[in-house]
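Remarks on the overall topology
Next come the chains, spelled out residue by residue.
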Amino acid sequence: MPLDLFHPTESHLTLRRTVRAFAEAEVAPQATAHDRQERFNLDLFRQVGARGWLGLTLPSAYGGAQQDATAAAILYEELAAADAGFTLSCLSHSVLFAHHLACCGNAEQQSRFLPDANVGRIVAGMAMSESGGGTDVIGMQTTAQRVEAGYLLNGEKMWITNGVLNDGEMGDVFLVYARTSGNGPRGLSLFLVEKGREGFTLGRGVDGRLGVRASKSAQLLFKDCLIPVENRVGEEGGAVRSMVQTLAMERLTMAAMSLGIARRALELMNQYASRRRAFGKPLRDFGQIQRHIGESYAEWMAGRTLVFHTAQRMSASSADSQLDADAAKLYCATMAKTLADRAIQVLGAYGYSGEYPVERLWRDAKLFEIGGGTLEAHQRNITRGLSRLDQLP
Ligand SMILES: Cc1cc2nc3c(=O)[nH]c(=O)nc-3n(C[C@H](O)[C@H](O)[C@H](O)COP(=O)(O)OP(=O)(O)OC[C@H]3O[C@@H](n4cnc5c(N)ncnc54)[C@H](O)[C@@H]3O)c2cc1C
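Thresholds, definitions, all that
- Residues numbered from 1 in each chain as written.
- Predicted model: local features only at pLDDT ≥ 70, side-chain atom pairs only at ≥ 80, totals over all residues.
- Helix = DSSP H or I, 4+ residues; strand = E, 2+ residues; numbered from the N terminus.
- Rg over C-alpha atoms; globule rule 2.2 N^0.38 Å.
- Buried ≥ 20, exposed ≤ 12 C-beta atoms within 10 Å, placed from the backbone.
- Near = placed C-beta within 6 Å.
- Nonpolar A, V, L, I, M, F, W, Y, C, P; charged D, E, K, R; others polar.
- Domains from an automatic or database assignment.
- Contact = placed C-beta atoms within 7 Å.
- Axes fitted to C-alpha atoms, helices over the stretch in contact; angles between N-to-C directions.
- Parallel < 35°, antiparallel > 145°, perpendicular 65-115°, else oblique.
- Left-handed = near helix turned anticlockwise from the far one by under 90°.
- Pairing = 2+ DSSP bridges.
- Core = buried A, V, L, I, M, F, W, Y, C linked by C-beta atoms within 7 Å.
- Arc of directions from axis to C-beta.

With respect to the overall build of the protein
Per the secondary structure count, the protein includes 10 helices and 10 strands. Taken over C-alpha atoms, the radius of gyration comes to 21 Å for the protein, in line with the 21 Å a tight globule of 393 residues would show. For the C-alpha atoms alone, the extent of the protein along its principal axes is close to 80 × 50 × 40 Å. For the protein, the residues scored as buried account for 50% of the 393 residues in total.

Some points on the site of the ligand
The environment of the ligand is formed by 23 residues, the closest being Ser 129, Gly 134, Thr 135, Thr 374 and Glu 376. Elements with a contribution of two residues or more to the shell around the ligand: strand E1 (124-127), strand E3 (150-161) and helix H10 (375-386). Considering only residue class, the shell around the ligand consists of 9 nonpolar, 11 polar and 3 charged. Counting only domains with at least three residues in the shell around the ligand, you end up with domain 2 (125-237) and domain 3 (240-386).

Describing the domain arrangement of the protein
Domains assigned within the protein are domain 1 (10-123), domain 2 (125-237) and domain 3 (240-386). A C-alpha centroid distance of 30 Å is found between domain 2 and domain 3. Across the side of domain 2 that touches domain 3, the residue classes break down as 6 nonpolar, 3 polar and no charged.

A short note on the environment of Pro 282
Structurally, Pro 282 can be placed in strand E10 (residues 281-282). Of the residues examined, Pro 282 has 14 C-beta atoms within 10 Å and is grouped as partly exposed. Sequence separation between Pro 282 and Val 233 is 49 residues, and the spatial gap between their C-alpha atoms is 59 Å. Setting aside residues up to four positions removed in sequence, Pro 282 forms contacts with Ala 273, Ser 274, Arg 276 and Arg 277.

Comments concerning unusual backbone geometry
Of note, Glu 38 is a non-glycine position whose phi angle comes to about 50°, a positive value. Relative to the assigned elements, Glu 38 resides in the loop between helix H1 (10-37) and helix H2 (42-50). Here the phi dihedral of Asp 167 falls at roughly 55°; this positive angle occurs in a residue that is not glycine.

Quick notes on the packing of helix H4 (residues 84-104) against helix H6 (residues 239-275)
Direction vectors running N to C along H4 and H6 enclose 160°, while the axes themselves pass 10 Å from each other. As the angle between them shows, H4 and H6 are arranged roughly antiparallel. The element H4 and its partner H6 pack so that their crossing is right-handed. Taking contact as the criterion, the partners of Ala 84, Thr 87, Leu 91, Val 95, Leu 96, His 99, His 100, Cys 103 and Cys 104 in H4 are, on H6, Ser 242, Gln 245, Thr 246, Met 249, Glu 250, Thr 253, Met 257 and Ile 261.

Notes on the pairing of strand E5 (residues 188-194)
Across the 7 residues of E5, 6 count as buried, placing the element largely inside the fold. Bridging between strand E4 (residues 173-179) and E5 involves 7 bridges; their strand directions are antiparallel. What sits directly across from Leu 175, in E5, is Leu 192. Note: E5 against strand E8 (residues 232-233), 2 bridges, orientation antiparallel. Looking across to E8, one finds that Phe 191 is bridged to Arg 232.

Topic: the nonpolar core
If you look at the biggest cluster of nonpolar residues, it comprises 118 residues, and the most contacted ones within it are Phe 191, Leu 252, Ile 261, Ala 265, Val 307, Ala 340 and Ala 343. Residues contacting Leu 252, with those up to four places away along its chain left out, are Ala 69, Ala 73, Val 307, Thr 310, Ala 311, Met 314, Ala 325 and Ala 328.

Some words on H2
For H2, every residue scored as buried is listed here: Leu 44, Val 48 and Gly 49. Taken down its axis, H2 places every buried residue within 150° of arc, on the same side. For H2, the exposed residues lying more than 90 degrees away from the buried face are Asp 43 and Ala 50. In the core, the buried residues of H2 are packed alongside H1, H4 and helix H5 (107-119). Of the residues trailing H2, Gly 52 is marked for its positive phi of about 85°.

A closer look at the environment of Asn 118
Structurally, Asn 118 can be placed in helix H5. On a C-alpha basis, the gap between Asn 118 and Ala 98 in space is 7.9 Å, while along the polypeptide they are 20 residues apart. Among residues more than four places away in sequence, those in contact with Asn 118 are Gly 49, Leu 54, Gly 55, Leu 58, Tyr 62, Gly 63 and Gly 64.

Given below as structure tokens:
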């Protein structure tokens, strides 16, 4: 295969082949059972870690593979095509926690957590959203009050992926956003909070979710939880700056997960349309089915091009890619849901019934219209970004 936008180097092509082989052999076969039982596959998570993929973008000093944004997009696209729920746990650990700490933490904090995060010895997450609101980040209510011995954390965080693993066991460590002063963006700070700290407990789990059921999320509670100053990440009041530094990677990898879901939906409807016959001919001979397949291919390729174009710019660090990362997640989230919906339609009762994974693909795809930024938040960000441009390039 010639090198292209989706695999700019041989090593990207090799990564895709290796991850796809692993995903088909190890990840896809366990997906339905873990979705139905709402269980996180910790053994599989550690297998991903053993292959160096949990630390794909981390610096080599901590055992990471120091790969670029294109490699990260390939990894999450391929894993999500097999099981988006499981992949969300990997992404929350690797991108929202580890990559974030690698960007914004100091050397002591990085050497304390990144070697274990790299191989999956610990399971980590990031806690920003609260019961009272996720989109309105600046309105968060959790506080961190400066005291002599450090900071006293009070409040709660909600929907936190990897907050709980299985059977009520808490995840190991979290990056937690909290307000240290005032009401504005400069009053937010970021802290490392480990399991076992006094005053840090698990709230309610979030069971019975529509999709991504092979990842687990929970409420985290903080009651006079003392955090030492050395666990503050970045400057006091500097959390929004660190958030912005990592947002593009978060959105890009989530868009790549949507791409993986979309590819699987397209493959399944394409295969089924050849095998299934009606009125004496294969489904793919009917114009209405051709519309489902043809439009799906065009939309998947459009999303893929947008994701890998954005990844390439991020990899080269040549330009601010925030706008394109928002655009990629906005487009790919709904595109994946639409393709999964069409796949259910093409497969008829088999699609609706759970005998094929397309109904799970639809449920999983919906998450990305909400989690990691709602559609409306991306629309707002893009409109705000474009207000600085009179003409488009
Ligand atoms: C499975 C799952 C996993 C998650 N994992 C994590 C995690 O690990 N860490 C974490 O911090 N969070 C996590 N979240 C939370 C997620 O990021 C939030 O759900 C998301 O940011 C939206 O916040 P909200 O649900 O509070 O909705 P709200 O902010 O209450 O919004 C409700 C609706 O109002 C719209 N809305 C809000 N404000 C505006 C506005 N100004 N203009 C127009 N429309 C508006 C929204 O777009 C949305 O449609 C997770 C969520 C889910 C479902």
